Amino acid sequence: MYMKHESYPAPLLELVAIANDAVRQIPPLFPLAANVAVNPFLGQTEDTLAVTAARLGRVAGVRITPDRQAMAEKLKTGEMVDGDLVEAISHVESRFDPPRLEDVTAALTTDAAPLAPLPTVADLAADVSGIDWPGLIEERIGAWAASHFDEGQALWQPSRAGGAFSAWREFASRDLTPEINGLKGFGAFVAATNRSQWRAIGRAAETLGVTPEAAGTTFHRWLITLGGWAQYARYLLWQAELQGQTDTTTAELLAIRMVFEEALFHQYRDQITSRWSETIAVHETPITPSRDMVIDAILQDAAERAQQRKLGQALSGSQPRKTEGRPMVQAAFCIDVRSEVFRRALETQDAGIETIGFAGFFGLASAHKCAGSDVTELRGPVLLNPNVTSKAAEDTLSDLDRRYTARAKRAWGRFKLAAVSSFAFVEATGPIYAGKLLRDSLAASGKETKFDPAPKLDPSMDLNTRIDTAKAILGAMSLTGNFARIVMLAGHGADVTNNPHESALQCGACGGHAGDVSARLLASLLNDNQVREGLRGKGIDIPADTLFLPALHNTTTDDVTLFDQDHPAGLWAPQIAKLKTWLNEAGRLARAERSARLPRANGGDDIARRAKDWAELRPEWGLAGCRAFIAAPRSRTDGTGLAGLSFLHSYDWRSDDGFGVLELIMTAPVVVASWISLQYYGSSVAPGLFGGGNKLLHNVVGGIGVVEGNGGALRPGLPWQSVHDGEAFQHDPLRLSVVIEAPREAMNDILKRHANVKALFDNRWLHLIAMDENGDLAWRYTGDLEWSPIAKPAGSEQAIAAE
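Model, not experiment: these values are computed from the prediction.

1. Remarks on the overall build of the chain
Reasoning step 1: Looking only at helices and strands, the chain features 30 helices and 17 strands.
Reasoning step 2: Rg of the C-alpha trace for the chain: 28 Å, near the compact-globule value of 28 Å for 803 residues, within the 12% margin.
Reasoning step 3: Viewed in the frame of its principal axes, the chain has a C-alpha envelope of about 85 × 70 × 55 Å.
Reasoning step 4: Burial statistics for the chain: of 803 residues in total, 56% are counted as buried.
Reasoning step 5: Across the chain, contacts joining residues at least 24 apart in sequence account for 74% of those joining residues at least 6 apart.
Reasoning step 6: Per element, the accessible surface of the chain, about 33200 Å² overall, is 53% carbon and sulfur.

2. A word on the pattern of salt bridges
Reasoning step 1: Applying the stated rule across the entire model yields 57 salt bridges.
Reasoning step 2: We note a salt bridge from Arg485 to Asp545, for which the minimum N-O separation is 3.8 Å. Of the two residues, Arg485 is situated in the loop between α20 (463-476) and β7 (486-493) and Asp545 in the loop between α22 (529-536) and β8 (547-554); the sequence distance between them amounts to 60 residues.
Reasoning step 3: Arg485 sits in the partly exposed class, given a relative accessible area of 25%.
Reasoning step 4: Through salt bridges with shared partners, a single network forms among Arg63, Asp67, Arg68, Asp292 and Asp296.

3. Thoughts on the packing of α20 against helix α21 (residues 516-527)
Reasoning step 1: For the pair α20 and α21, interaxial distance at closest approach is 10 Å and the crossing angle is 115 degrees. Overall, the two elements α20 and α21 adopt an arrangement that is roughly perpendicular. Of the two elements, α20 crosses α21, and the hand of that crossing is left-handed. Facing Arg466, Thr469, Ala470, Ile473 and Leu474 of α20, the residues of α21 in contact are Leu522, Leu525 and Leu526.
Reasoning step 2: By residue class, the composition of the contact of α20 with α21 is six nonpolar, one polar and one charged.

4. Let's talk about the confidence of the model for the chain
Reasoning step 1: Mean pLDDT over the chain stands at 93; residues scoring 70 or higher make up 97%.
Reasoning step 2: Under a pLDDT of 50 for its full length, residues 1-6 has, in the predicted model, 17 contacts with residues more than four places off or in other chains.

5. Details of the pairing of strand β3 (residues 366-369)
Side-chain direction in a regular strand flips from residue to residue, so the side chains alternate between the two faces of the sheet.
Reasoning step 1: The pairing of β3 with strand β4 (residues 376-379) spans four bridges and is antiparallel. The residue bridging Ser366 from the neighbouring strand is Arg379, located in β4.
Reasoning step 2: In sequence, β3 turns back onto β4 through a hairpin of six residues, with Gly372 there showing a positive phi of about 70 degrees.
Reasoning step 3: Relative to strand β5 (residues 388-392), β3 runs parallel, the two sharing four bridges. Paired with Ala367 across the bridge in β5 is Thr389.

6. Focus on the sheet that holds β3
Reasoning step 1: Spatially, the four strands line up as an open sheet ordered β4-β3-β5-β6, and their pairing is mixed. Two strands bound the open sheet, and with one partner strand each, they are β4 and β6 (455-457). Averaged over all pairs of adjacent strands, the angle between strand axes in this sheet comes to 30 degrees, irrespective of strand direction.
Reasoning step 2: Here α21 sits on the sheet and contacts β3, β4, β5 and β6; the angle it forms with β6, its principal contact strand, is near 55 degrees.

7. Considerations on α20
Reasoning step 1: Along its 14 residues, α20 runs 20 Å from first to last C-alpha, staying within 8% of the 20 Å computed at 1.5 Å per residue.
Reasoning step 2: Where α20 starts, the residue carrying a side-chain oxygen 3.2 Å from the main-chain nitrogen of Asn464 turns out to be Asp462.
Reasoning step 3: Downstream of α20 by a residue or two, Ser478 has a phi angle that is positive, lying close to 55 degrees.

8. Here's the deal with the nonpolar core
Reasoning step 1: Counting residues in each nonpolar core, the largest one holds 173 residues, and the members touching the most others are Trp168, Phe219, Leu489, Phe629, Phe647 and Leu768.
Reasoning step 2: Among the elements that make up this core, the one with the highest residue count is helix α14 (residues 249-283) (15 residues).

Criteria and thresholds
- Residues numbered from 1 in each chain as written.
- Predicted model: local features only at pLDDT ≥ 70, side-chain atom pairs only at ≥ 80, totals over all residues.
- Heavy atoms only, no water.
- Helix = DSSP H or I, 4+ residues; strand = E, 2+ residues; numbered from the N terminus.
- Rg over C-alpha atoms; globule rule 2.2 N^0.38 Å.
- Buried < 20%, exposed > 50% of the residue type's maximum accessible area, 1.4 Å probe, protein only.
- Contact = heavy atoms within 4.5 Å.
- Areas by Shrake-Rupley, 256 points an atom, 1.4 Å probe, with all protein chains shown as cover.
- Salt bridge = Lys/Arg side-chain N within 4 Å of Asp/Glu carboxyl O.
- Axes fitted to C-alpha atoms, helices over the stretch in contact; angles between N-to-C directions.
- Parallel < 35°, antiparallel > 145°, perpendicular 65-115°, else oblique.
- Left-handed = near helix turned anticlockwise from the far one by under 90°.
- Nonpolar A, V, L, I, M, F, W, Y, C, P; charged D, E, K, R; others polar.
- pLDDT = per-residue confidence, 0-100.
- Pairing = 2+ DSSP bridges.
- Expected span 1.5 Å × (residues − 1).
- Polar contact = N/O pair within 3.5 Å; in protein donor to acceptor, adjacent residues only side chain to side chain.
- Core = buried A, V, L, I, M, F, W, Y, C linked by side-chain atoms within 4.5 Å.

Quick look at the structure:
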């Protein structure tokens, strides 16, 4: 993002710094192949919800809180009470002149004032000319970007030499569309711009009178108009910075957008100068939330406090199962909210079954190569660089056969899509596909998941490193003793049909891939006799009769695949057979519970068919509804039905010397869960800005994202059908409540060392609650390393009675 400072004058350097900051206001959009959830407010975590509402109101014209009608309904039904509002009001910053309770309740009877973004030059030019310049700019940038950023979908690839801005100059200087629509001499204007994106930004800013005081939100406004293209470019910067490098693509897109503005300003200067000057003057003012925005933030906070109270009541009434001695089976699942339903169902099968919650990559963020492939997949949290490398273990002949088959499929695919042969292909082979079309239409067929051979860690990973890795992972799982005969390590994935966003249903901790590779790698590591011997010397004694058994939980169908072929399992055959019976019954119970929430699902037996149906818009709800993250021993939540709405991470602080595991939880799984929660939040409250649009209109572009219709900007975030069932929301937009059973002093020490995590809690993008030794929600983090005891708010008896 940066440049040599000595090459540019000081005023331009100031604008460059502001442009770089504006770039960081944009969240990254990961490509469809590994589409993980992203916090759409990633650039605003240093601000509160109310301040962010003011910023996004200015640059995007959207509200980022639910409709007041929904909040009024919560108050009417007793789900939220006056006491929640009073507490929320008491935590409003004094600089915002906190309203009174009667002001807030009165506001529920009226709609908040409508919002509109500050106009761009293109907006003003459209007003005076009647030409849809914003639409034209979006379409032309989209046409170029779809080709420039293509990741292999197109057979013909353009030149990308010199970067995005250089490539666009070559395209736009020959693109006649703007001139045909009335933008005179645009091709020549583009050809005359400076080849440096920074100088192009500087010249356009000077022409448009964009002062340093106005530049921050002005630049942000222009980037917002680029939709998902700016977010995909931000992803390129994210990936580069993980490697210690940098990338200027987002700033280059900003320069492209500003060149359009500059050209339009030259053409319509006399008609729009006055209004544009007024716009710049508003951009120069500080970002300050309106009274409505402050009230809406209070309502949001109160709704979240109400849900926390409800969660506390549920946990206080839990009745954990009584287990003694060695468990029969220990089953470790991902903390994903979808696992909670299955874990409960599995635990009902036998009192000797224990379940564990842990991040689905199982501590092994692998740079992995699948069988017959040289493509490296990053199967770990996107916040981290890989810590191991692996590949599918296969003999040379099988590997070559797999590669030849893949090449034949690619050649056939190119033949079907090529410019000339595609016409002959349709004419000659169209009738052959009639049977397949009929089967797919009736959901009578579906892709069968074919798993690779067992993956292997890079042999260069020495024994001491493997032992230390195994020790660290078992410690993080709070699994260092009393091992069962079978310890099942279940990653998770999803099988759906005709869904471009399929990877969004996979394991987020595995980088948008299924979790089978991580589970199989860890099982291999922990079944290694040399590793076990080394662990024994470090105080972890794994019995010889313990088998670590990898598995994959299909969250769409609630089927579980056991990879018992990976390890000699003859001694455990009876136990494995019994486990399969339990898993089948648990799957039946989980499907029955989930089907009640899925539209048009005809009971649990209908779930598998829906997964194969290429017209099914909602094969599963993903993580819709997620609202809590609980890090505590399973006994705190055992026996409590949490409806698949909570992330459950097993954690026992008493065995966490130095609180290293707690630090890992608060800085990795909690942050990943916050990204998921806030993506669902943003896609629900501001679907036009942060949502993925309508699945029925989607077209895949470049293999990286989707557009609605045949062009324009990429649509980031979750499709409408992922949060709404056609009649009502299936995701209640609540910021995540993080509940941890650990000393408050230990959590404070961690927050002191991690300013970015502290900002999430200080500005209440997340709520932090300490659970006490009785399993009660006892303390609330109020910001700046301060805590307050949680008491029943006034009117809570009313809420309990209503529930």
